[in-house]
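Residue-level structural notes
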Amino acid sequence: MAPAPLDAEGFTAAFARHGRTLWVLASAWVGRAEADDLVQETARVAWQRRATITSPDPAELGPWLSSIARNLGANWRRKRRPDAVDPVGLDPLGACATPPIGWPFDCDRAGLSDELARPLAALPEVARSCLLLNAVLGLGFAEIGRLLEIPENTAQSHARRARLALREALTTAASPATTAVRMP
Amino acid sequence: MSRPDHDPMSEPQQDRQLDELLREAFAPPREEHFAELARDVARPAAPTWPWRTLLLAAAALLVALALWNRQPRDHGALADGLPSLGAMWVAAYDDAARDAGEHASCCDTGCDVEQLCRAVCGQGLCHDGAGKIDLVGSYKGSPVGGCVAFVMRCDDATVCVFVMPRRDDRPIELPRDRELVVGRRELGDLVLYSVSRPLGVDALAGFSVP
């Protein structure tokens, strides 16, 4: 027997419970500046589709909400793909090549250095998500795997490699032998 | 902006420092922010007037009224798409008045008034023949809307009298460009109308029911 659709109060409580997670996920998918918009759109779509919820437990809504957010985020990025290519042509920073166009990251507002922002932007969305969900919210990899619908080991591997890439980027940047070109 | 110093930090220490930087950069809003967001999404839309439905209903009503106004009124045996009764009666009056000296061509001078009215209108009618108004006969000319019509003379003036059942009675309007007057009298189940020039006498006074 299918559970009764969430009423407004139940939906609010469930969404609030997962809101912070969705926001970090949205940041990983579309950038920090648009995370709030994506989360709002996720809420709207989720409310419209609340009749499809199969579990009455609000705690189980995380993967469902995450799926909506990721799908919306993917469409979001396809529509807003910037045309400009990085004109500076930085040397590869260790394992981090020139960041792929598509993830707008306002590193200045975020307070991150260029050396950290670039390798972060260079990560695939899934890897960036695994890293941020673990580093920012402290989620375990089992939970991250459920949210992203990937195995726990895969989530752990993504996060480990992401940290390695960032460490190497920072190490390379800090090395006196590195000729890093600063952004104008 | 800050970055980890290039010193022989252990990898776990570097990771902790990285995580700290990421937490500062990607700190999400408080839970209440998302509760408010969800409440806005789940809030039911304000009820709106069904303006479209109302407009459609009003338009349908106007169309229905327009169509209803165009339909001829059901007046039983007296009206089936005919010209107005007043116009027919005036035409009959003009016809009868043209026969000023004769009257025979448009009248049945030997008619039985009582029998004719009983047959057409369901009740008999009599005329006493007294006074200045003479009953010439029943009118047999142009259509008069299904009622019984009589031609009468008052001195040199022509008077047409039209008799119908009271159930078929309705306001009679003559063409405005004619200086004719209409008299009316109810007798039993009948209603009588007279059409003539202003005469100063009641053309219907001599009638009675048997």
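Residues numbered from 1 in each chain as written. Chains lettered and ligands numbered in written order. Predicted model: local features only at pLDDT ≥ 70, side-chain atom pairs only at ≥ 80, totals over all residues. Heavy atoms only, no water.

With that settled, consider helix 1 (residues 11–25) of chain B. Residue and element names in this part refer to chain B. Given a rise of 1.5 Å per residue, 15 residues ought to cover 21 Å, and the 21 Å separating the end C-alpha atoms of helix 1 matches this to within 8%. Taken together, the buried positions of helix 1 are Q14, D15, L18, D19, L21, L22 and A25. Each buried residue of helix 1 sits inside an arc of 160° when the element is viewed along its axis, so together they form one side. Residues of helix 1 that are exposed and point more than 90 degrees away from the buried face comprise R16 and E24. (Helix = DSSP H or I, 4+ residues; strand = E, 2+ residues; numbered from the N terminus. Expected span 1.5 Å × (residues − 1). Buried < 20%, exposed > 50% of the residue type's maximum accessible area, 1.4 Å probe, protein only. Arc of directions from axis to C-beta.)

Turning our eyes to something else, we now look at the sheet that holds strand 6 (residues 181–187) of chain B. All names here are of chain B. Taken in spatial order, the six strands line up as 1-3-4-5-7-6 in an open sheet, and their pairing is antiparallel. Of all strands in the sheet, those with a lone pairing partner are strand 1 (107–108) and strand 6, marking the two edges. Against the sheet, helix 5 (residues 113–121) makes contact with strand 3 (133–139), strand 4 (148–154), strand 5 (157–165) and strand 7 (190–196), and its axis sits at roughly 145° relative to strand 4, the strand it touches most. (Pairing = 2+ DSSP bridges. Contact = heavy atoms within 4.5 Å. Axes fitted to C-alpha atoms, helices over the stretch in contact; angles between N-to-C directions.)

Residues and elements named next belong to chain B. Applying the stated criterion across every chain yields a total of five aromatic pairs over all chains. With a centroid separation of 5.5 Å and an interplanar angle of 45°, the aromatic rings of W89 and Y193 are classed as tilted. Separated by 104 residues along the polypeptide, W89 in helix 4 (residues 85–98) and Y193 in strand 7 bring together distant segments of the chain. Note on accessibility: W89 and Y193 belong to one class, buried. (Phe/Tyr/Trp six-rings, centres within 6.5 Å; stacked < 30°, edge-to-face > 60°.)

Below, the discussion takes up the interface of chain B and chain A. Between chain B and chain A, the contact holds 28 residues from the first and 41 residues from the second. Roughly 3100 Å² is buried in total at the junction of chain B and chain A, and carbon and sulfur atoms are behind 71% of that figure. Here chain B and chain A share two salt bridges between them. Viewed at the interface, chain A and chain B are joined by six residue pairs in polar contact (both at pLDDT 80 or more). Looking at the side of chain B that touches chain A, the elements with two or more residues in it are helix 1 and helix 2 (31–42) of chain B. Each residue belonging to the side of chain B that touches chain A can be placed in one class, and the counts come to 16 nonpolar, four polar and eight charged. (Buried area = accessible area lost by both parts, 1.4 Å probe. Salt bridge = Lys/Arg side-chain N within 4 Å of Asp/Glu carboxyl O. Polar contact = N/O pair within 3.5 Å; in protein donor to acceptor, adjacent residues only side chain to side chain. Nonpolar A, V, L, I, M, F, W, Y, C, P; charged D, E, K, R; others polar.)

Before going further, it helps to examine the confidence of the model for chain B. Residue and element names in this part refer to chain B. Scored by pLDDT, chain B has a mean of 81; 84% of the residues are at 70 or more. For the stretch residues 1–6, pLDDT sits under 50, and the model shows 19 contacts to residues farther than four places along the chain or on other chains. Low confidence marks residues 74–81, where pLDDT is under 50. Its contacts with residues over four positions away, or in another chain, come to eleven contacts. For this predicted complex, the interface score ipTM comes out at 0.79, while the overall pTM is 0.52. (pLDDT = per-residue confidence, 0-100.)

All names here are of chain B. Turning to its location among the elements, Q123 is positioned in the loop between helix 5 and strand 2 (126–127). Judged by relative accessible area, which is 13%, Q123 ranks as buried. Only 2.9 Å separates the side chain of Q123 from the backbone nitrogen of D189, close enough to count as a polar contact. Excluding residues within four positions of it along the chain, Q123 makes contact with C117, R118, L187, G188, D189, L190 and V209.

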